[in-house]
Amino acid sequence: MTTASVVVLVLDLAGTLVFALNGALTAIRSVRVDIVGVVTLGMITAMGGGIVRDVLIGRLPPATFSDWRYLAVAGVGALIAFALGRRLDRISLSINVFDALGLSFFAVTGATKALEAGLGPVQAVILGAITAVGGGTLRDVLIGQVPSVLSSGLYAIPAVVGAAITVVAVRLGVDGLAAALLAALACFTIRMLGLRFDIDAPTPRDAPPS
Amino acid sequence: MTTASVVVLVLDLAGTLVFALNGALTAIRSVRVDIVGVVTLGMITAMGGGIVRDVLIGRLPPATFSDWRYLAVAGVGALIAFALGRRLDRISLSINVFDALGLSFFAVTGATKALEAGLGPVQAVILGAITAVGGGTLRDVLIGQVPSVLSSGLYAIPAVVGAAITVVAVRLGVDGLAAALLAALACFTIRMLGLRFDIDAPTPRDAPPS
Amino acid sequence: MTTASVVVLVLDLAGTLVFALNGALTAIRSVRVDIVGVVTLGMITAMGGGIVRDVLIGRLPPATFSDWRYLAVAGVGALIAFALGRRLDRISLSINVFDALGLSFFAVTGATKALEAGLGPVQAVILGAITAVGGGTLRDVLIGQVPSVLSSGLYAIPAVVGAAITVVAVRLGVDGLAAALLAALACFTIRMLGLRFDIDAPTPRDAPPS
């Protein structure tokens, strides 16, 4: 394996773990689900974005679905959330930090994989963002909520920025590892600033009240 | 490009624009969404049906997703809706007309592409209808509503008729352009008659009250 | 055709019929839908799980979508439900039995097809379960309900057991027909015991009240 592909693998697995934890926990807090629901929703949160990306790229079966390491990490993350439940609330600050890390890793690896598959730069940015926010979107739909990514906070925007930096760096021939870390750092920073200062993206003037 | 493929392209882009406008506007009216939500929902309304069709055909990456013209037209349509918001309500009659045009174009182009990909006639009719109503269905699911296509008005039925006429014409070897326009006209007429006279499809006798 | 493939076909078509009936009936009971909604939701319940499986395997167009027999059986099942409506409630015990049969057949055939496509054992078990529960999950999302498979009763678990027995049997080289029937029987038995004795899967301790 090249250094770049090891970096992508490690970032991907780390993102998978935190998204599985976070997705399972969101499900437990929001609706009545049993162990099947917790594990399913945790795994979909963790792997759904990458699976949608691979379907759109046409790389089937999806890479993360074929690779037992992703399945195992996602399953373990969801089971930890099932076992600990709301006791994980005490570390919810950390959960936000971990989730922002997952968002950043997935935006970078998603855009990288799209470019490797030969897609254009705009498509790669979109697929980086889909990789980052797609799993949480599927989870929200399954638990009957309007996906939070559509309505509040800065969530998709940092993912788009991270994916765009990745695409520009690859096109300029910048070294993979440094560019990946820079892109992930930019995404992470915007996400954390948005959380810290409660920044929302612009809304239409005539939107219905929340 | 052949005449037929130019026709398909122009109809497709026109349908994409009106669906993006209409989809973004429906989202603004229905739920609290920010600019990310408006653009996402507008683009999904415009491109979702064609993407589902291409996934089912196995033509990946989806044609409209790979083609920057569709992405640009869909994005611009959604941004216009974001900028103008409910001031577009004044032209809601026109929106209904444009939406019926989009429905008609997509039913015809969807069925045509399915036949070109070698699918059977029944499958081509279904895929024409999915192209026409799929994007709006995905949008309705994302904003937490039961897709209106399942419950009211004549929406899927004119799309099925338009797709069926397209399939029959292609099988009979009728000239592409004339057949496409005839099929689109039939779909458009049934849709507008349904709107004008408030016609609903039959419902089951024991349905719960609305 | 080999004996095994005839068995798979017959089980598949039987499962398709009962799922279409059951899915259309669930839709009629839950929301206001017209004939388009009843037929769409019945067909999605019947064919959605297999289509998701084939997308993930990369066998496109999906086998059941290409095969007119599945489309015809699913459409007929949905139309029967539309025509008879709640008069089918009188046979709701049988509906539960038929649904459990459909679940069992789809778990077995889904896992078998995943193995035939070269996927690993864990993936084949997951795809067997997706084949069995995926259509109902899509239907529940479309009618605005949290999929019941995530929250109550034993539904996914018997499907996982049936798929796992199938995978083990194929790996051990046990004869296809006997193994398929044994696996389906195990799934069916667990499902019916769960219904009879109202058994739920474990839930997280801090789940919100139902």
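Everything numeric in this text was worked out from a predicted model, so none of it was measured.

## Notes on the overall build of chain A
- Along the backbone of chain A there are eight helices and zero strands.
- The C-alpha radius of gyration computed for chain A amounts to 16 Å, which stays within 12% of the reference 17 Å derived for 210 residues, consistent with globular compactness.
- Judged by the C-alpha coordinates and their principal axes, chain A covers about 50 × 45 × 30 Å.
- Relative to its 210 residues, chain A shows a buried fraction of 55%.
- Counting only contacts in chain A whose residues sit at least 6 apart along the sequence, the fraction spanning at least 24 positions is 77%.
- For chain A, the exposed area adds up to about 8,400 Å²; of that, 68% sits on carbon and sulfur atoms.
- Chain A carries 14 positive and 12 negative side-chain charges, and their two centres are separated by 4 Å.

## Observations regarding the packing of aromatic side chains
- As enumerated under the stated definition, the model contains three aromatic pairs over all chains in all.
- Both rings, one in F19 of chain B and one in F106 of chain B, keep their centres 5.0 Å apart while their planes meet at 75 degrees; by these two values the pair is edge-to-face. Linking F19 of chain B in helix 1 (residues 3-30) with F106 of chain B in helix 5 (residues 92-116), this pair joins segments that are 87 residues apart in sequence.
- With relative accessibility at 2%, the residue F19 of chain B sits in the buried group.
- Sitting above the plane of the F197 of chain A ring, R196 of chain A keeps its charged end 5.2 Å from the centroid.

## Quick look at the relation of the copies chain A and chain C
- Each copy superposes on the other: chain A lies on chain C with an RMSD of 0.0 Å after a rotation of 120 degrees and an axial shift of 0.0 Å. Taken together, the rotation and translation describe the operation of a three-fold axis. Within chain A, G144 of chain A has its C-alpha nearest the rotation axis, a separation of 3.9 Å.
- The overlap is low: 9% of the interface residues of chain A also sit at the interface in chain C, so different surfaces are used on the two sides.

## Some remarks on the packing of helix 2 (residues 35-57) of chain A against helix 4 (residues 68-84) of chain A
All names here are of chain A.
- Contact geometry for helix 2 and helix 4: axes closest at 8 Å, N-to-C directions at 130 degrees. As summarised for this structure, helix 2 and helix 4 are arranged oblique, according to the angle between their axes. For the crossing formed where helix 2 meets helix 4, the hand is right-handed. Of the residues in helix 4, those in contact with I35, V38, V39, G42, M43, A46 and M47 of helix 2 are Y70, L71, A74, G75, A78, L79 and F82.

## Regarding the nonpolar core
- The biggest cluster of nonpolar side chains holds 165 residues, and the ones touching the most others in it are M47 and L103 of chain A, M47 and L103 of chain B together with M47 and L103 of chain C.
- Sort the elements by how many residues they give to this core and helix 2 (residues 35-57) of chain B lands first, with eleven residues.
- With near-sequence residues (within four places) excluded, L103 of chain B lies in contact with F19, A132, V133, Y155, P158, A159, C187 and R191 of chain B.

## Notes on the pattern of salt bridges
- One pass over the full model with this rule turns up 15 salt bridges over all chains.
- We note a salt bridge from D140 of chain A to R139 of chain A, for which the minimum N-O separation is 3.0 Å. Considered together, D140 of chain A and R139 of chain A belong to a single accessibility category, that of buried residues.
- When the shortest N-O distance is used, the salt bridge between D67 of chain B and R69 of chain B registers 2.9 Å.
- Owing to a relative accessible area of 33%, R69 of chain B belongs among the partly exposed residues under this scheme.

## Let's talk about the interface of chain B and chain A
- Taken together, the contact pairs 33 residues of chain B with 31 residues of chain A.
- Buried surface at the junction of chain B and chain A, both sides included, amounts to about 2,400 Å², of which 70% is carbon and sulfur.
- Counting the contacts that link chain B with chain A gives zero salt bridges.
- Taken together, chain B and chain A are joined by five residue pairs in polar contact (both at pLDDT 80 or more).
- If you list the elements that add at least two residues to the side of chain B that touches chain A, you get helix 1, helix 2, helix 3 (63-66), helix 4 (68-84) and helix 6 (121-142) of chain B.
- No other element matches helix 2 of chain B, which puts eight residues into the side of chain B that touches chain A.
- Each residue belonging to the side of chain B that touches chain A can be placed in one class, and the counts come to 21 nonpolar, six polar and six charged.

## Comments concerning the environment of M47 of chain B
Residues and elements named next belong to chain B.
- Secondary-structure assignment places M47 in helix 2.
- Counting along the chain gives 18 residues from M47 to F65, while the straight-line C-alpha distance between them is 7.7 Å.
- When sequence neighbours within four positions are dropped, the list of residues in contact with M47 reads T64, F65, Y70, L71 and A74.

## Things to note about helix 6 of chain B
All names here are of chain B.
- Between its first and last C-alpha, helix 6 extends 31 Å over 22 residues, near the 32 Å set by a 1.5 Å rise per residue.
- Along helix 6, the sharpest change in direction is near 45 degrees and occurs at V133.
- Among the 22 residues that make up helix 6, 17 are buried, leaving the element largely enclosed by the rest of the structure.
- Among the residues trailing helix 6, G144 stands out with phi positive, at a value near 75 degrees.

## Overview of the interface of chain A and chain C
- Listed as interface residues are 33 residues of chain A and, on the opposing side, 31 residues of chain C.
- Interface of chain A and chain C: buried area, both sides summed, is about 2,400 Å²; carbon and sulfur atoms make up 70% of it.
- Three residues, R32, D34 and F65 of chain A, lead the burial of chain A against chain C; their summed loss comes to 30% of the area buried on that side.
- One can count zero salt bridges joining chain A with chain C.
- The tally of links from chain A across to chain C stands at five residue pairs in polar contact (both at pLDDT 80 or more).
- Those elements that provide at least two residues to the side of chain A that touches chain C are helix 1 (3-30), helix 2, helix 3 (63-66), helix 4 and helix 6 (121-142) of chain A.

## Points about helix 7 (residues 156-172) of chain A
All names here are of chain A.
- Counted at 1.5 Å a residue, the expected span for helix 7 with its 17 residues is 24 Å, and the 24 Å between its end C-alpha atoms agrees.
- All of the buried residues in helix 7 are A156, P158, A159, G162, A163, T166, V167 and A169.
- Following helix 7 by one or two positions, G173 adopts a phi angle in the positive range, close to 75 degrees.

## Looking at the side chain of R53 of chain B
- Assignment of secondary structure puts R53 of chain B in helix 2.
- Aside from chain neighbours lying at most four places away, what touches R53 of chain B is R59, G110, K113, L127 and T131 of chain B.

## Side note on the environment of V7 of chain A
Residues and elements named next belong to chain A.
- Positionally, V7 belongs in helix 1.
- Relative accessible area serves as the criterion here: at 15%, V7 is assigned to the buried category.
- Spatially, the C-alpha atoms of V7 and F105 are 9.9 Å apart, while their sequence positions differ by 98 residues.

## Regarding the packing of helix 6 (residues 121-142) of chain C against helix 7 (residues 156-172) of chain C
All names here are of chain C.
- Axis separation between helix 6 and helix 7 bottoms out at 8 Å; the angle between their running directions is 140 degrees. By the angle between their axes, helix 6 is oblique relative to helix 7. In the packing of helix 6 onto helix 7, the handedness of the crossing is right-handed. Of the residues in helix 7, those touching helix 6 at P121, A124, V125, G128, A129, A132 and V133 are A156, A159, V160, A163, A164, V167 and R171.

About the criteria used
- Residues numbered from 1 in each chain as written.
- Chains lettered and ligands numbered in written order.
- Predicted model: local features only at pLDDT ≥ 70, side-chain atom pairs only at ≥ 80, totals over all residues.
- Heavy atoms only, no water.
- Helix = DSSP H or I, 4+ residues; strand = E, 2+ residues; numbered from the N terminus.
- Rg over C-alpha atoms; globule rule 2.2 N^0.38 Å.
- Buried < 20%, exposed > 50% of the residue type's maximum accessible area, 1.4 Å probe, protein only.
- Contact = heavy atoms within 4.5 Å.
- Areas by Shrake-Rupley, 256 points an atom, 1.4 Å probe, with all protein chains shown as cover.
- Lys, Arg positive; Asp, Glu negative; His and termini not counted.
- Charge placed at Lys NZ, Arg CZ, Asp CG, Glu CD.
- Phe/Tyr/Trp six-rings, centres within 6.5 Å; stacked < 30°, edge-to-face > 60°.
- Lys NZ or Arg CZ within 6 Å of the ring centre and 35° of its normal.
- Least-squares fit on C-alpha atoms with pLDDT ≥ 70 in both.
- Axes fitted to C-alpha atoms, helices over the stretch in contact; angles between N-to-C directions.
- Parallel < 35°, antiparallel > 145°, perpendicular 65-115°, else oblique.
- Left-handed = near helix turned anticlockwise from the far one by under 90°.
- Core = buried A, V, L, I, M, F, W, Y, C linked by side-chain atoms within 4.5 Å.
- Salt bridge = Lys/Arg side-chain N within 4 Å of Asp/Glu carboxyl O.
- Buried area = accessible area lost by both parts, 1.4 Å probe.
- Polar contact = N/O pair within 3.5 Å; in protein donor to acceptor, adjacent residues only side chain to side chain.
- Nonpolar A, V, L, I, M, F, W, Y, C, P; charged D, E, K, R; others polar.
- Expected span 1.5 Å × (residues − 1).
- Bend = angle between axes of the 7 residues up to and from the residue.

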